[in-house]
Amino acid sequence: MKKALLIILMLTLSFSGKTESGYRLWLRYDPIPNRQLVTSYNNSISGITLSGTSGTISVAKEELINGLQGMLGRKVVATTAVINNSIVAGTPTSSNIISSLALQQQLATAGNEGFVIVTTKSNGKNIIAIAANNDVGVMYGIFHFLRLLQTQQSIKALNIASAPKIKLRVLNHWDNLNRHVERGYAGASIWDWHKLPGYIDQRYIDYARANASIGINGTVLTNVNANALVLTKQYLEKVAALAKVFRPYGIKVYLTARFSAPIEIGKLKTADPLDPQVQQWWKDKVNEIYTYVPDFGGFLVKANSEGQPGPQNYNRNHADGANTLADAVAPHGGIVMWRAFVYSNETPEDRFKQAYNEFKPLDGKFKKNVLIQVKNGPIDFQPREPFSPLFGAMPQTPLMMEFQVTQEYLGQGTNLVYEAPMFKEVLDADTYQKGKGSTVAKVIDGTLHDYSTSGLAGVANIGSDINWTGHLFGQSNWYALGRLAWDHTLTSEQIADEWLKQTFNTNPSFINTAKRIMLGSHEALVNYMTPLGLHHIMGTGHHYGPAPWVSNVGRADWNPVYYHKADEKGIGFDRTNKGSNALAQYAPEVQKQFEDVNTCPEPYLLWFHHVAWDHKMKSGRTLWEELCHKYYSGVDSVRSMQKAWETVKPMVDKERFEHVKMLLAVQEKEAVWWRNACLLYFQTHSKMPIPGGYEQPNQTLEYYKSLSFPFAPGNG
Ligand code: BDP
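Now for a description of the structure that goes with this document. Predicted model, so just to flag it, every value in this text is computed and none were measured.

What counts and what doesn't
Residues numbered from 1 in each chain as written. Predicted model: local features only at pLDDT ≥ 70, side-chain atom pairs only at ≥ 80, totals over all residues. Heavy atoms only, no water. 1 Å grid on protein atoms, 1.4 Å probe; cavity = no way out; pocket = protein on both sides within 12 Å on 5 of 7 lines; lining within 4 Å. Points joined across faces, edges and corners; volume = space filled by probe spheres on them. Helix = DSSP H or I, 4+ residues; strand = E, 2+ residues; numbered from the N terminus. Nonpolar A, V, L, I, M, F, W, Y, C, P; charged D, E, K, R; others polar. Pairing = 2+ DSSP bridges. Axes fitted to C-alpha atoms, helices over the stretch in contact; angles between N-to-C directions. Phe/Tyr/Trp six-rings, centres within 6.5 Å; stacked < 30°, edge-to-face > 60°. Buried < 20%, exposed > 50% of the residue type's maximum accessible area, 1.4 Å probe, protein only. Lys NZ or Arg CZ within 6 Å of the ring centre and 35° of its normal. Salt bridge = Lys/Arg side-chain N within 4 Å of Asp/Glu carboxyl O. Near = heavy atom within 4 Å. Polar contact = N/O pair within 3.5 Å; in protein donor to acceptor, adjacent residues only side chain to side chain. Areas by Shrake-Rupley, 256 points an atom, 1.4 Å probe, with all protein chains shown as cover. Expected span 1.5 Å × (residues − 1). Bend = angle between axes of the 7 residues up to and from the residue. Contact = heavy atoms within 4.5 Å. Parallel < 35°, antiparallel > 145°, perpendicular 65-115°, else oblique. Left-handed = near helix turned anticlockwise from the far one by under 90°.

Per the counting criterion, the structure on display carries 6 cavities of 30 Å³ or more. Roughly 140 Å³ of volume is contained in the largest cavity. Taken together, the elements giving at least two residues each to the lining of the largest cavity come down to α12 (351–359) and β11 (370–375). Sort the elements by how many residues they give to the lining of the largest cavity and α12 lands first, with 4 residues. Broken down by class, the residue content of the lining of the largest cavity amounts to 12 nonpolar, 3 polar and 2 charged.

Turning next to the sheet that holds strand β7 (residues 218–220). Taken in spatial order, the 8 strands of this closed barrel run β6-β7-β8-β9-β10-β11-β12-β13, and their pairing is parallel. The average angle at which neighbouring strand axes cross in this sheet is 25 degrees, direction not considered. Where strand β6 (residues 168–172) and strand β13 (residues 455–459) come together, 5 bridges link them in parallel fashion. Looking at β13, one finds that Leu168 is bridged to Gly455.

A few words now on the packing of aromatic side chains. Per the stated rule, a full pass over the model turns up 47 aromatic pairs. With a centroid separation of 5.2 Å and 80 degrees between ring planes, the pair formed by Trp26 and Trp478 is classed as edge-to-face. Here Trp26, found in the loop between α1 (2–14) and α2 (35–44), pairs with Trp478, found in helix α15 (residues 474–486); they are 452 residues apart in sequence, far enough to count as distant. With respect to burial, Trp26 and Trp478 carry one shared label: buried. In this structure, Arg203 is placed above the aromatic ring of Trp468, and the distance from its NZ or CZ to the ring centre is 4.6 Å. Geometry around Phe573 places Arg575 over its ring, the cationic atom sitting 3.6 Å from the centre.

When charged atoms on two side chains of opposite charge get close, those side chains can pair. Inspection of the entire model under this criterion finds 37 salt bridges. Of the charged contacts, one joins Glu425 and Arg384 as a salt bridge, the two residues approaching to 2.8 Å between their closest N and O atoms. Taken as a pair, Glu425 in helix α13 (residues 420–427) and Arg384 in the loop between β11 and β12 (399–404) lie far apart in primary sequence, 41 residues in all. Residue Arg384 is classed as buried on the basis of its relative accessible area of 7%. In this structure, the salt-bridge partner of Lys501 is Asp497, at a minimum N-O distance of 2.9 Å. One end of the pair is Lys501 and the other is Asp497, both in helix α16 (residues 492–503) and 4 residues apart, which spans about a single turn.

Here we take up the site of the ligand. The ligand sits among 14 residues. The nearest are Glu182, Lys302, Arg339, Asp380 and Glu408. The separation between an oxygen atom of the ligand and a polar side-chain atom of Asp380 is 2.6 Å. Taking Tyr409, its side chain carries an N or O atom lying 3.0 Å from an oxygen atom of the ligand. Against a free-state accessible area of 320 Å², the protein chains account for coverage of 97% of the ligand. Classifying every residue of the shell around the ligand gives 4 nonpolar, 2 polar and 8 charged.

This part is about helix α17 (residues 508–529). Since the α-helix packs 3.6 residues into each turn, any two residues three or four apart lie on the same face. Across its 22 residues, α17 extends 32 Å between first and last C-alpha, which sits within 8% of the 32 Å expected from 1.5 Å per residue. Along α17, the sharpest change in direction is near 40 degrees and occurs at Ser521. Capping of α17 at its N-terminal end is provided by Asn507; its side-chain oxygen lies 2.9 Å from the backbone amide nitrogen of Ser509.

In this section: the sheet that holds strand β5 (residues 159–162). Strands belonging to one sheet form pairs held by backbone hydrogen bonds; the direction of such a pair is parallel or antiparallel. The strand order β1-β2-β4-β3-β5 describes an open sheet built from 5 strands, whose pairing is mixed. With partners counted over all chains shown, the strands left at the sheet margins are β1 (47–50) and β5, one partner each. Strand-to-strand twist of the sheet, defined as the mean angle between neighbouring strand axes without regard to direction, takes the value 20 degrees. Here strand β3 (residues 115–122) runs beside strand β4 (residues 125–131); their pairing, made up of 7 bridges, is antiparallel. Note on β4: the bridge partner recorded for Ser122 is Lys125. This element, helix α3 (residues 55–72), spans β1 and β2 (86–90) of the sheet and lies at about 170 degrees to β1.

Here the focus is the packing of α17 against helix α21 (residues 623–647). Interhelical geometry of α17 versus α21 gives an angle of 160 degrees and a closest axis separation of 8 Å. Here α17 lies roughly antiparallel to α21, going by the angle between them. As α17 packs across α21, the resulting crossing turns out to be left-handed. Contacts between α17 and α21 pair Phe510, Thr513, Ile517, Ser521, Ala524, Asn527, Tyr528 and Met529 from the former with Lys630, Tyr631, Ser633, Gly634, Val635, Ser637, Val638, Met641, Ala644, Trp645 and Thr647 from the latter. Of the residues in the contact of α17 with α21, the class split is 11 nonpolar, 7 polar and 1 charged.

Spelled out as structure tokens, the structure:
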């Protein structure tokens, strides 16, 4: 009976006429339905006292007041004098109370952005102190405190110290100035360049709040396939307006620099990075940018990659290019994030090896304020990739991680895929660079080589769709990126738990079911798209759907057949010393894990071996049978996800329930499409039947080959 009442109460609270578009993300601050808990929170929070006069403190104060009002249903007043049971927030400089507490030790490890939250006493009064060395740390502490309440944790005896493990926690927007988002599946760009700088969309503020709540402290506004126009006065005014919105939230703005900008907008004859005129042009340009954005973060550069201009156009190398830009931003404290995503069609070399071949020799040649931004895997954001060998190869250069949050290769706008397990798989991988335990996470957080800078970037999945990310569950990937950049030791499960509780509700039965869906979703996708180490067999250009048969694209390395190499003998890319020998780019211990076809972990098998169709797998099945098994189990998993989602219907508002349900149905269709198309095609090589007992494809290979999607979204 009591339970029934509680459910009714929860339903009335969450369905009180509000639409549930998903716009509010994980910062909902809805009334907490558990009255007992509210009473206990109320007992601990009678007032708040925030010290400091910065914009950061004022946005943090507003967030705290709004959050408490929403969750507790009453306005908690801000007082200058501390009352009993107050939240006291500030730095030792801004607040006498904070400085009087014995927090020196904890604050010594909090750094510039970390915080401490403790339940303690001051002048005989009970307080919750939120302390940091800087206002931005106070703000992060407040967001953390709000998260405790949103996830309904006890705040009776708090003793929390938290500091980010990675310094630059950045979103990369692949947004063009015409608002088309490259590989974007959530509508147009959120940057309404045409109306800027005069019109400040509320979205910009909510974007900043969301990022600040998960610790993201940088945003690259423009596409890596860059347009030099963003560096002109007309656009810098707009950039400045966005920077002003983001500043209080601790978020710096970065831009992509088109390497040929000195020619295109500077009217120079060359963009040769060693030409003194070019160097002066960049210095002048950067000085100009800083007059608009005094805390401008710096540049992200894609050079000599997929047709983008770069230093190699002038017979210079990546270090020459990066250093010229680095010298220009250095006096202002700016940085350059130079991408290692390079590969050339003209080089007759396994694409897997090319970034390493170009960058490894440059280790130690970059200026101090350059980070090399490396995609997680050696090829290109595939559903599963081994870690890029560069992570174990450049001890003298800070390497930044680049993950792709937007789901270009992960079912785009329609598939529910929680990416944290995929991120973690790479972060936890061991490079063995300095012996066992030299994980990718330790390389990029700077601890393995003692770098002073460190960074993690995610290609954003954010657009102008009402729910920000197209698929509601895409929000969880934005959330996970920020949380992992702050603390890569968090588990995928913890992050899913936090996100679900804040985004939906804390009903244990809902949480368990939804969490199960999320945690199995990445493996499900790998199984119905690219099991056993298959990669890059997506449709040409738009990358939507399967097209393993494609072999006629101009560049060899843009053809799926280049990657799977299926023939009558078997399937997979031999990267051992009998093949391209890409394995040699890893430490001997890593090579050992992958080099033997009989012991190579099966999820990576076809990344490294061309395997006979009748090869015996660990399951006892042949490779062909295993491939069938994986493709079928991928589809089965999606069907289980659908069933599981049905069961949460009474626990979720109608709007979001239906949204996810419809997309899961689309996902199921797409999974079947992937399975059928791939197996029918690979069967032309294996000449083996799809074992009886499985539902047989209901379309022919010719049918699947005939499908075309001229207007698939996100295409470059
Ligand atoms: C590829 C995308 C392309 C990007 C490129 C990159 O298909 O749109 O420009 O990555 O990262 O995966 O530069």
